[in-house]
Amino acid sequence: MSEYQLATFAGGCFWCMVSPFAEYPGVIEVLSGYTGGHLPDPTYEQVCRGGTGHVEAVQITYDPEVLPYETLLDLYWRQIDPTDPGGQFCDQGESYKTAIYYHSPAQRETAEAAKKALGESGRFQKPIATPILPAMDFWPAEDYHQDFHKKNPVHYKSYRKNSGRDQFIEKHWSGGAPGKN
């Protein structure tokens, strides 16, 4: 019997990072939250104000026998602009930066290989700016942020479109990215 593992990804607004993973076979749970900072148990308001060092992120509990980490990484890259060091799409600043947080040496190696391959692929004109960092404390976001795409589907779809995320994905990944709806 397999033991579940964690994958933690920061990709800008966490609302947009849940649905691509949530229904994927082998995903047990996707939580929106905050990581990378120095303040214990931060609130959304504190993170948005800045100065806490946190980024909005998702933490995915998954079954590696059903869903390899490589597949999660591939899906992650297809949700973000990995060349933007200052945030994602219309959301810029400290809390919207991208990062892969590894939970084991194997995840680190796999993430570094995936980043290198993406950089060498020629898909993007600029270098890949997404850092690969050791996992830190993860603080779940407030309840109203969890599964936002289900609780507020009209607002969610409008945000994705108006933020520029969907257009970027469509342009750089033929046919768009799985899970964007």
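See above for the structure.
All figures in this text were calculated on a predicted structure; none of them were measured in a lab.

Asks: So what exactly am I meant to see when it comes to the overall build of the protein here?
Replies: Secondary structure assignment for the protein yields seven helices and eight strands. Considered along the principal axes of its C-alpha atoms, the protein spans approximately 40 × 35 × 30 Å. Expressed as a percentage of the 181 residues in the protein, the buried residues total 48%. Pairs at least 24 apart in sequence give 75% of the contacts found in the protein among residues at least 6 apart. Per element, the accessible surface of the protein, about 8,800 Å² overall, is 52% carbon and sulfur. Here the protein contributes 16 positive and 23 negative side-chain charges, whose respective centroids are spaced 9 Å apart.

Asks: Where do I start with helix α4 (residues 105–120) in this structure?
Replies: For the α-helix, the turn length of 3.6 residues means that residues three or four positions removed from each other point alike. Taking 1.5 Å of rise per residue, the 16 residues of α4 would be expected to cover 22 Å, and the 23 Å separating its terminal C-alpha atoms lies within 8% of that figure. All buried positions along α4 are accounted for by Q107, A111 and L118. Along the axis of α4, the buried positions cluster into a sector of 30 degrees, meaning they face one direction only. Set apart from the buried face of α4 by more than 90 degrees, the exposed residues are P105, E109, K116 and E120. Where the residues of α4 are buried, they touch β1 (5–11), β3 (55–62), α3 (69–77), β6 (98–102) and β7 (132–134). Just beyond α4, the residue with positive phi is G122, at close to 80 degrees.

Asks: Help me out: how do you make sense of helix α7 (residues 165–172) in this one?
Replies: Listed as buried for α7 are R165, D166, F168, I169 and H172. Along the axis of α7, the buried positions cluster into a sector of 160 degrees, meaning they face one direction only.

Asks: Can you walk me through the environment of P25 in this structure?
Replies: Looking at the secondary structure, you find P25 in the loop between α1 (15–22) and β2 (27–35). With a relative accessible area of 56%, P25 lands in the exposed category. Once the C-alpha coordinates of P25 and R49 are considered, the two residues, 24 residues apart in sequence, prove to be 36 Å apart. In this structure, P25 is in contact with V66 and L67, ignoring residues within four places of it in sequence.

Asks: Even after reading the chapter, I still don't get the pattern of salt bridges, so can you show me in this structure?
Replies: One side chain can pair with another of opposite charge once the charged atoms of both are near each other. Counted under the stated rule, the structure contains four salt bridges. As a salt-bridge pair, E23 and K150 come within 3.6 Å of each other at their nearest N and O atoms. Placement of the pair is E23 in the loop between α1 and β2 and K150 in helix α5 (residues 148–151), with a sequence separation of 127 residues. Each of the two residues, E23 as well as K150, counts as exposed. Where D74 meets R78, a salt bridge forms, and the shortest distance between an N and an O atom there is 3.3 Å. On the accessibility criterion, D74 (37% relative accessible area) is partly exposed.

Asks: How should the nonpolar core be read in this particular structure?
Replies: What tends to happen in soluble globular proteins is that the nonpolar side chains get buried as a cluster. Counting residues in hydrophobic clusters, the biggest one holds 39 residues, and the most contacted among them are F9, F21, I60, Y69, L72, W77 and I100. When residues of this core are assigned to their parent elements, the largest contribution, six residues, is made by α3. Those residues within four positions of L72 in sequence are excluded, and the remaining contacts are A7, F9, F21, V27, Y62 and L67. In this structure, A10, V55, A57 and F138 belong to the second largest nonpolar core, which totals six residues.

Asks: Is there a simple way to explain the packing of helix α6 (residues 153–163) against α7 in this structure?
Replies: Between two packed helices, the angle of one axis relative to the other and the distance separating the axes together describe the packing. With their axes 4 Å apart at the nearest point, α6 and α7 run at an angle of 60 degrees to one another. Of the possible angle classes, the one that applies to α6 and α7 is oblique. Only R165, D166, Q167 and I169 of α7 make contact with α6, whose side of the interface consists of R160, K161 and S163. Partitioned by chemical class, the residues of the contact of α6 with α7 number one nonpolar, two polar and four charged.

The rules we used
Residues numbered from 1 in each chain as written. Predicted model: local features only at pLDDT ≥ 70, side-chain atom pairs only at ≥ 80, totals over all residues. Heavy atoms only, no water. Helix = DSSP H or I, 4+ residues; strand = E, 2+ residues; numbered from the N terminus. Buried < 20%, exposed > 50% of the residue type's maximum accessible area, 1.4 Å probe, protein only. Contact = heavy atoms within 4.5 Å. Areas by Shrake-Rupley, 256 points an atom, 1.4 Å probe, with all protein chains shown as cover. Lys, Arg positive; Asp, Glu negative; His and termini not counted. Charge placed at Lys NZ, Arg CZ, Asp CG, Glu CD. Expected span 1.5 Å × (residues − 1). Arc of directions from axis to C-beta. Salt bridge = Lys/Arg side-chain N within 4 Å of Asp/Glu carboxyl O. Core = buried A, V, L, I, M, F, W, Y, C linked by side-chain atoms within 4.5 Å. Axes fitted to C-alpha atoms, helices over the stretch in contact; angles between N-to-C directions. Parallel < 35°, antiparallel > 145°, perpendicular 65-115°, else oblique. Nonpolar A, V, L, I, M, F, W, Y, C, P; charged D, E, K, R; others polar.

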